[in-house]
Protein chains: 2
Amino acid sequence: MKFGGTSVADLACVQRSAKRVVREVHNGKNIVVVVSAMAGGTNHLISKVVETAPVYDAREYDAVVSSGENITAGLMALTLQGMGVPARSWQGWQVPIGTTATHASARITHIETDNILHKFDEGMRVAVVAGFQGISPEYRITTLGRGGSDTTAVALAAALSAEQCQIFTDVDGIYTTDPRICDRAKKLDQIAYEEMLELASMGARVLQTRSIEFAMRNAVRLRVLSSFVDELDSQGTLVCDEEEIMESKVVAGVACSRDEAKLTLISVADRPGIAAMVFSSLSEANVNIDMIVQNIAEKGRTDMTFSCPNDQVGAAEQALIDIRSNGEVRYDELVVDNSVAKVSVVGIGMRSHTGVAAKMFSVLSKEGINIKVITTSEIKISVLIDRKYMELAVQALHDAFELEE
Amino acid sequence: MKFGGTSVADLACVQRSAKRVVREVHNGKNIVVVVSAMAGGTNHLISKVVETAPVYDAREYDAVVSSGENITAGLMALTLQGMGVPARSWQGWQVPIGTTATHASARITHIETDNILHKFDEGMRVAVVAGFQGISPEYRITTLGRGGSDTTAVALAAALSAEQCQIFTDVDGIYTTDPRICDRAKKLDQIAYEEMLELASMGARVLQTRSIEFAMRNAVRLRVLSSFVDELDSQGTLVCDEEEIMESKVVAGVACSRDEAKLTLISVADRPGIAAMVFSSLSEANVNIDMIVQNIAEKGRTDMTFSCPNDQVGAAEQALIDIRSNGEVRYDELVVDNSVAKVSVVGIGMRSHTGVAAKMFSVLSKEGINIKVITTSEIKISVLIDRKYMELAVQALHDAFELEE
């Protein structure tokens, strides 16, 4: 059971979350609880580090910012003890949770479970583990990067062969689309790992992408629940292998992302190495490229279009101007359109069903929405459209694919 | 170099303290820095624990409250790095600093220094160690109790055979008496461990008693300095072996303690076991007894007087009423005087010089101050007097023993 920042925001929230744990203990289960820092705690520590050293040693950064989770872990253990449940806290190095030495964004390499299992044998019922952290081969404290507590929870569930891994958050599950955009959005009972991955990378920020990948690789059944809604009212959403999903729709959900920009290089030389040069210069400028489309070449020249977050357009433009001025890449013109949005339909059913793309395009056409860029994966079709049509497109697609039912 | 809470109260204070460290590094020294939590940090964490669990598991308490020092250690290492000094932080378990399993008031049992010394060999110049904490034989985090960072510093200095152990605080040394009471108080250049111990237990709260005992046992030279006064202006006070002190006065200082109370049991049976019964009942009631005086017995009965802090009088009275009502101890009357103060003169010179007590009593008598209780040790004479005369007594004794010169 993993409780995120809003689920342990203050001592009242810790109490509420602890009650969920106690109920499972009374159901006869031994529980590993993973906690984040209290909401805002990590940001406060990060600001202290940045104020101290604008360019900082990531090892010291990790030693400081991991404190937030340690505090919550101790307080959660105390709260559970107060409810009569034998519990204790573990910091990352105590478990230990071994990680790489890539400080501030370490990856878990192994987890020793003997210590926790031994305590369960002795009668302990709840092991409270500080999320987001581990220990490097040099015995320095590491952190796993933003959202790392999800990964801690999934990795522990895998290492302990847990029945399932429950992620408590401030939403009560995964929806067919963003309920703020479409009031007919419906909570899903189940969703496949692959679908969740596509939705997560689209900005449905309920679960960290890495934790979903980890769960998929290790077949950990994930359940997303709200810590603010009683579980008797909602079972949340189970994220699991597609084979577990009995009857799946062709399309599981409609995702959208508002602040996108489209950049086009007009008349680039169409020869090997040019794309590599363009995108490595953008990568060095820390621009996150999403969609990439290249048209058919004519007379040895082509147009190259890609999308990135709106707030990275400046950096992208500068990088592309630089490679032209130093002669690395020639092109006629750089055209920027920073008023686009991305809309995607996602579903594992697309693997076996045809016609999804055709249906999507015809729905958008019927609404008079022009499609600017299209990309597809095995289980996703994404389009860039004018930003002002985003809500309309989401609602129309949600209706057309009958996601409300 | 140990920096207490006020010396690392905020990032500006951390900067100022770091500059003191850098100056020593530039003098060619390798430094171990021990830090406390930022002022108020530990109290904030303690209040969270107490709010969560009024009766708490001390192991979880330790896991939570040790966070404050970890944060300061990381920030201090980052600050030193920013000043161009190779530095890193160590948490108690990383050193490791081994302690007993007496959580919340653990004692240091051993310190492994190989890790730190190895890093010095590799070119590191400053090891920043989180004070106040260690690791138990069960690999749980422990804390050393209030003021424990002083003990961490002294224990590290002993284990590393450091040249000296500098304790930075908000006063610039040890004074002949409290400067707020006597404006002629003078900073001492040197003071013997034994004298410092008597002064510390009298409420001169500059150094924790345990850390002085530890320094004395291990011959660690302690220097008390202010982190707010430039060291070129003040060398603070050296606490050292009496043999190092070239020319010592008979009396080193005058100590005082304002909020004392005197309790007298009138006409107690004078037979073996009675005193044990009285004082074990007071101990169970958590009353800290200081002075104890028993008069000569007459007709098998005696009067028994003792002193305790004023705010413990209620608990003491209750305990004494209880043992009378359950028939354990009989006495005629309990007389409480809660308007007394304690004044002491302290000096290792008393061992070889006679007449100190006589001089003290005559000074007080000349001022018309009545002495209510007297106790003496090898290097200290303490008296209880009316509280309203405390300042007068301190000033008169300070003058009479020529401490200003």
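The structure this text deals with has already been given above.
The rules behind these values
Residues numbered from 1 in each chain as written. Chains lettered and ligands numbered in written order. Predicted model: local features only at pLDDT ≥ 70, side-chain atom pairs only at ≥ 80, totals over all residues. Heavy atoms only, no water. Helix = DSSP H or I, 4+ residues; strand = E, 2+ residues; numbered from the N terminus. Rg over C-alpha atoms; globule rule 2.2 N^0.38 Å. Buried < 20%, exposed > 50% of the residue type's maximum accessible area, 1.4 Å probe, protein only. Contact = heavy atoms within 4.5 Å. Areas by Shrake-Rupley, 256 points an atom, 1.4 Å probe, with all protein chains shown as cover. Lys, Arg positive; Asp, Glu negative; His and termini not counted. Charge placed at Lys NZ, Arg CZ, Asp CG, Glu CD. Least-squares fit on C-alpha atoms with pLDDT ≥ 70 in both. Pairing = 2+ DSSP bridges. Axes fitted to C-alpha atoms, helices over the stretch in contact; angles between N-to-C directions. Salt bridge = Lys/Arg side-chain N within 4 Å of Asp/Glu carboxyl O. Polar contact = N/O pair within 3.5 Å; in protein donor to acceptor, adjacent residues only side chain to side chain. Phe/Tyr/Trp six-rings, centres within 6.5 Å; stacked < 30°, edge-to-face > 60°. Lys NZ or Arg CZ within 6 Å of the ring centre and 35° of its normal. Core = buried A, V, L, I, M, F, W, Y, C linked by side-chain atoms within 4.5 Å. Buried area = accessible area lost by both parts, 1.4 Å probe. Nonpolar A, V, L, I, M, F, W, Y, C, P; charged D, E, K, R; others polar. Arc of directions from axis to C-beta. Parallel < 35°, antiparallel > 145°, perpendicular 65-115°, else oblique.

### What about the overall build of chain A?
Next, step 1: Helix and strand counts for chain A come out as 12 helices and 18 strands.
Next, step 2: Computed over the C-alpha atoms, the radius of gyration of chain A is 24 Å, within 12% of the 22 Å expected from 2.2 N^0.38 for a compact globule of 405 residues.
Next, step 3: Its C-alpha atoms put chain A at 75 × 50 × 30 Å along the principal axes.
Next, step 4: Burial status across chain A gives 53% buried among its 405 residues.
Next, step 5: Across chain A, the fraction of contacts at a sequence separation of at least 24, relative to all contacts at a separation of at least 6, is 74%.
Next, step 6: In the structure as shown, chain A presents an accessible area of about 17400 Å², 47% of it carried by carbon and sulfur atoms.
Next, step 7: For chain A, the separation between the mean place of its 39 positive charges and that of its 53 negative charges on side chains is 2 Å.

### Thoughts on the relation of the copies chain A and chain B
Next, step 1: With an RMSD of 0.1 Å, chain A superimposes on chain B once it is rotated by 180 degrees and translated 0.0 Å along the axis. One copy is carried onto the other by what is essentially a two-fold rotation axis. Using C-alpha coordinates, one finds that chain A approaches the rotation axis most closely at A:Ser67, a distance of 2.9 Å.
Next, step 2: When the interface residues of chain A are mapped onto chain B, 100% of them are again interface residues, pointing to one common binding face.

### A few points about the sheet that holds strand β16 (residues 333–346) of chain B
All names here are of chain B.
Next, step 1: Across the sheet, which stays open at both edges, the six strands sit in the order β14-β15-β13-β16-β18-β17 with antiparallel pairing between neighbours. In this open sheet, the two strands that pair with only one neighbour each are β14 (292–294) and β17 (373–377). Adjacent strand axes in the sheet meet at a mean angle of 30 degrees, parallel and antiparallel pairs treated alike.
Next, step 2: With 11 bridges joining them, strand β13 (residues 253–269) and β16 adopt antiparallel strand pairing. Within the sheet, the bridge partner assigned to Gly253 lies in β16 and is Val346.

### Points about the pattern of salt bridges
Should the charged atoms of two oppositely charged side chains come close, the side chains can pair.
Next, step 1: A complete count under the given rule lists 34 salt bridges over all chains for this structure.
Next, step 2: For B:Glu163, the salt bridge goes to B:Lys29, with nearest N and O atoms at 3.3 Å. Residue B:Glu163 is found in the loop between α6 (148–159) and β9 (165–169), and its partner B:Lys29 is found in the loop between α1 (11–26) and β2 (31–35); the two are separated by 134 residues along the sequence.
Next, step 3: The exposure class assigned to B:Glu163 is exposed, which follows from its relative accessible area of 55%.
Next, step 4: A salt bridge links B:Asp57 to B:Arg59, with the shortest nitrogen-to-oxygen separation between them at 3.0 Å.
Next, step 5: For B:Arg59, a relative accessible area of 39% puts it in the partly exposed group.
Next, step 6: Ionic contacts of the salt-bridge type, sharing partners, join the residues A:Glu194, A:Glu242, A:Arg351 and A:Glu378 into one network.

### Examining the side chain of B:Thr142
Residues and elements named next belong to chain B.
Next, step 1: Within the element layout of this structure, Thr142 appears in strand β8 (residues 141–143).
Next, step 2: Looking at Thr142, its side chain comes within polar contact range of the side chain of Thr99, at 2.8 Å.
Next, step 3: Once residues lying within four places of it in the same chain are set aside, the contact partners of Thr142 are Asp62, Thr99, Thr100, His103, Ala106, Phe132, Gln133, Gly134, Ile135 and Ser136.

### Quick notes on the sheet that holds strand β17 (residues 373–377) of chain A
Residue and element names in this part refer to chain A.
Next, step 1: Taken in spatial order, the six strands make up an open sheet running β14-β15-β13-β16-β18-β17, and their pairing is antiparallel. Looking along the sheet, the strands with just one partner apiece sit at the ends: β14 (292–294) and β17. Across this sheet, the average inter-strand angle for adjacent strands is 30 degrees, counted without regard to direction.
Next, step 2: Judged from the eight bridges that link them, strand β13 (residues 253–269) and strand β15 (residues 301–309) form a sheet pairing that is antiparallel. Of the residues in β15, the one forming a bridge with Thr264 is Thr305.

### Description of the packing of aromatic side chains
Next, step 1: Throughout the structure, instances matching the rule amount to seven aromatic pairs over all chains.
Next, step 2: Relative to B:Phe306, the ring of B:Phe279 lies with its centre 5.5 Å away and its plane at 75 degrees, an arrangement referred to as edge-to-face. Taken as a pair, B:Phe279 in helix α9 (residues 274–284) and B:Phe306 in strand β15 (residues 301–309) lie far apart in primary sequence, 27 residues in all.
Next, step 3: Judged by relative accessible area, B:Phe279 falls into the buried class, the value being 17%.
Next, step 4: The class for B:Phe306 is buried, based on a relative accessible area of 1%.
Next, step 5: Above the face of the A:Phe214 ring, A:Arg217 is positioned so that its terminal group lies 5.5 Å from the ring centre.

### Notes on the nonpolar core
Buried together is how nonpolar side chains tend to be arranged in soluble globular proteins.
Next, step 1: If you look at the biggest cluster of nonpolar residues, it comprises 40 residues, and the most contacted ones within it are B:Val32, B:Val129, B:Cys165, B:Leu207, B:Leu222 and B:Val239.
Next, step 2: Setting aside residues up to four positions removed in sequence, B:Val129 forms contacts with B:Val32, B:Val33, B:Val34, B:Val35, B:Trp90, B:Val95, B:Ile97, B:Ile116, B:Thr152 and B:Leu156.
Next, step 3: Counting 39 residues, the second-largest nonpolar core is a separate cluster that includes A:Ile108, A:Val129, A:Leu197 and A:Leu222.

### Looking at unusual backbone geometry
Next, step 1: For the bond running from A:Val95 to A:Pro96, omega is -15 degrees, close enough to zero to count as cis.
Next, step 2: Note that A:Pro96 resides in the loop between β3 (87–90) and β4 (97–99).
Next, step 3: Positive phi, normally seen in glycine, also occurs at B:Ser161, with a value near 50 degrees.
Next, step 4: Assignment of secondary structure puts B:Ser161 in the loop between α6 and β9.
Next, step 5: For B:Ser267, which is not a glycine, the phi torsion comes out positive at approximately 60 degrees.
Next, step 6: For B:Ser267, the location among the structural elements is in strand β13.
Next, step 7: For B:Ser267, a relative accessible area of 13% gives the class buried.

### Let's talk about helix α3 (residues 58–65) of chain A
Next, step 1: Taken across its eight residues, α3(A) has six buried, putting it largely inside the fold.
Next, step 2: Among the residues of α3(A), A:Glu60, A:Tyr61, A:Asp62, A:Ala63, A:Val64 and A:Val65 are the ones counted as buried.
Next, step 3: Here the buried face of α3(A) lies against α2 (41–52), α4 (67–82) and β8 (141–143) of chain A together with α4 (67–82) and β3 (87–90) of chain B.
Next, step 4: Put simply, A:Asp57 is the residue that caps the front of α3(A), since its side-chain oxygen is 2.9 Å from the backbone nitrogen of A:Arg59.

### Focus: the interface of chain A and chain B
Next, step 1: Contacts between chain A and chain B engage 32 residues on the former and 32 residues on the latter.
Next, step 2: For the pair chain A and chain B, the summed buried area comes to about 2800 Å², and 64% of that belongs to carbon and sulfur atoms.
Next, step 3: Here chain A is connected to chain B by zero salt bridges.
Next, step 4: For the pair chain A and chain B, the number of links is six residue pairs in polar contact (both at pLDDT 80 or more).
Next, step 5: Elements that contribute at least two residues to the side of chain A that touches chain B include exactly α2, α3, α4 and β3 of chain A.
Next, step 6: A per-element tally of the side of chain A that touches chain B places α4(A) first, with nine residues.
Next, step 7: Grouping the constituent residues of the side of chain A that touches chain B by class yields 17 nonpolar, nine polar and six charged.

### Focus on helix α11 (residues 356–366) of chain B
Residues and elements named next belong to chain B.
Next, step 1: Three or more residues of α11 are buried, namely Val356, Met360, Val363 and Leu364. One side of α11 holds all its buried residues, which, seen down the axis, span an arc of 95 degrees. Counted as exposed and oriented over 90 degrees from the buried face of α11: Ala358, Ser365 and Lys366.
Next, step 2: Where α11 is buried, its residues touch β16, β18 (380–386) and α12 (390–400).
Next, step 3: A positive phi of about 75 degrees marks Gly368, the residue just after α11.

### Quick look at the packing of α3(A) against α4(A)
Each pair of packed helices can be described by the angle between their axes along with the distance between the axes.
All names here are of chain A.
Next, step 1: Two elements in contact, α3 and α4, have axes whose closest approach is 5 Å; the angle formed by their N-to-C orientations is 25 degrees. The angle between α3 and α4 places the two elements in the roughly parallel class. Contacts between α3 and α4 pair Ala63, Val64 and Val65 from the former with Ser67, Gly68 and Glu69 from the latter.
Next, step 2: Among the residues forming the contact of α3 with α4, the class breakdown is three nonpolar, two polar and one charged.

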